[in-house]
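The residues making up each chain are set out below.
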Amino acid sequence: MIKVKNLDKSYSNVQVLKDVSVEFKKKQISSIIGPSGTGKSTLLRCILGLESFENGSITVNDKQLEFETNKLLDYRQELGVVFQDFHLFKHMTVLKNITYSLEKVKNLKEKEASDLAHVLLEQFSLLDQTDKYPSQLSGGQRQRVAIARSLALNPSFLLLDEPTSALDADTVLEFVLLLREIKKTTGIIIITHDLNFAKRVSDEIYLMDQGQIVEHQSTEQFFDSPITEIAKRYIESQIV
Ligand code: ADP
């Protein structure tokens, strides 16, 4: 489980996270939604240990986030992340993108890394792309490589930043099915402003507004009977 408690975070004098407390469970898809500039990415970056914060604590499976190098590396092993632009290694093939971190981080031998990578490539319908470079792939394929690379390291949670921005409407359904498969073993946290996608894929929704979580409900409850005026207005403005 990821536990964020009473998190305060400011940039210069501006407080962008205000007393944020959330818990994310394994084998669930949790979406954090809300207008742009409300602190969703900052929360994600804090959970990943990429940002310091003034107050509060974050633990993942009882490992507390601390910024001392060895403790941070150990903590980060619990988390996989795929950013909006994927951060693939451009000069490496699809296969090498996956085996590289297995060899460096997990100390696997080339053959073991390659065998494991092929299992993932098959699961992600990428076997026929094995020897291509990222520039030769579609946005959706690049995204699947990035997710496969993250999952190869066996994290407890996968964090996805605006994952539908790389996809056209036809591939979103396929992506939803893929995430449902992944959540059988891994918790998934999604940052998105795509409410239609969040509605389709999530088990639970957190709505952020001005640095705070203003509503948390199961997906069904959130869309059928939102509690706050902010949620009601946001749903009305976004659902098409
Ligand atoms: P969201 O992901 O919901 O769009 P962000 O977390 O990116 O929101 O941003 C929250 C607020 O923090 C915004 O007002 C943004 O301008 C500000 N912010 C984000 N990153 C930085 C930064 N590195 N330095 C200063 N301000 C930042």
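Small disclaimer: the values here were computed from a predicted structure and weren't measured. (Residues numbered from 1 in each chain as written. Predicted model: local features only at pLDDT ≥ 70, side-chain atom pairs only at ≥ 80, totals over all residues. Heavy atoms only, no water.)

**Description of the site of the ligand**
Consideration 1: Taken together, Tyr 11, Val 16, Pro 35, Ser 36, Gly 37, Thr 38, Gly 39, Lys 40, Ser 41 and Thr 42 form the complete shell of residues around the ligand.
Consideration 2: Between an oxygen atom of the ligand and a main-chain N or O atom of Gly 37, the distance comes to 2.7 Å.
Consideration 3: The contact in question runs from an oxygen atom of the ligand to an N or O atom on the side chain of Ser 41, over 2.7 Å.
Consideration 4: Here the ligand loses 55% of its free accessible area of 560 Å² to cover by the protein chains.
Consideration 5: Counting residues per element, the shell around the ligand draws most heavily on helix α1 (residues 40-47), which supplies three residues.
Consideration 6: Grouping the constituent residues of the shell around the ligand by class yields three nonpolar, six polar and one charged. (Near = heavy atom within 4 Å. Polar contact = N/O pair within 3.5 Å; in protein donor to acceptor, adjacent residues only side chain to side chain. Areas by Shrake-Rupley, 256 points an atom, 1.4 Å probe, with all protein chains shown as cover. Helix = DSSP H or I, 4+ residues; strand = E, 2+ residues; numbered from the N terminus. Nonpolar A, V, L, I, M, F, W, Y, C, P; charged D, E, K, R; others polar.)

**A closer look at the packing of helix α3 (residues 94-105) against helix α4 (residues 110-123)**
Consideration 1: Running from amino to carboxyl end, α3 crosses α4 at an angle of 125°, the nearest separation of the two axes being 9 Å. Compared by their axis directions, α3 and α4 come out oblique. Relative to α4, the crossing made by α3 is right-handed. Residues Val 94, Leu 95, Ile 98, Thr 99, Leu 102 and Glu 103 of α3 touch α4, and the partners they reach there are Glu 110, Ala 113, Ser 114, Leu 116, Ala 117, His 118, Leu 120 and Leu 121.
Consideration 2: In the contact of α3 with α4, the residues fall into nine nonpolar, three polar and two charged. (Axes fitted to C-alpha atoms, helices over the stretch in contact; angles between N-to-C directions. Parallel < 35°, antiparallel > 145°, perpendicular 65-115°, else oblique. Left-handed = near helix turned anticlockwise from the far one by under 90°. Contact = heavy atoms within 4.5 Å.)

**Remarks on the pairing of strand β2 (residues 14-24)**
Consideration 1: As paired elements, strand β1 (residues 2-11) and β2 share seven bridges and run antiparallel to each other. Note on β2: the bridge partner recorded for Lys 3 is Glu 23. (Pairing = 2+ DSSP bridges.)

**Let's talk about the packing of helix α5 (residues 139-152) against helix α6 (residues 169-182)**
Consideration 1: The contact between α5 and α6 brings their axes to 13 Å, and the two run at 5°. Relative to α6, α5 is oriented roughly parallel. Contact residues: Gln 143, Arg 144, Ile 147 and Leu 151 in α5; Glu 174, Phe 175, Leu 178 and Ile 182 in α6.
Consideration 2: In terms of residue class, the contact of α5 with α6 is built from five nonpolar, one polar and two charged.

**Digging into the nonpolar core**
Consideration 1: By size, the foremost hydrophobic cluster in this structure holds 34 residues, and its most contacted members are Phe 124, Ile 147, Leu 160, Leu 179 and Ile 182.
Consideration 2: Of all elements in the fold, only α3, α4, α5, β7 (157-161), α6, β8 (187-191) and α7 (195-201) reach the threshold of two or more residues within this core.
Consideration 3: Counting contributing residues, this core receives three or more from each of domain 1 (2-78 + 156-238) and domain 2 (88-154).
Consideration 4: Setting aside chain neighbours within four positions, we find Leu 160 in contact with Val 82, Ile 147, Phe 175, Leu 179, Ile 188, Ile 189, Ile 190 and Ile 191. (Core = buried A, V, L, I, M, F, W, Y, C linked by side-chain atoms within 4.5 Å. Buried < 20%, exposed > 50% of the residue type's maximum accessible area, 1.4 Å probe, protein only. Domains from an automatic or database assignment.)

**Things to note about α1**
Since there are 3.6 residues in each turn of an α-helix, residues three or four apart along the chain are aligned in direction.
Consideration 1: Burial runs high along α1: six of the eight residues are buried.
Consideration 2: Burial in α1 covers these residues: Lys 40, Thr 42, Leu 43, Leu 44, Cys 46 and Ile 47.
Consideration 3: At the exit of α1 stands Gly 49, carrying a positive phi of roughly 75°.

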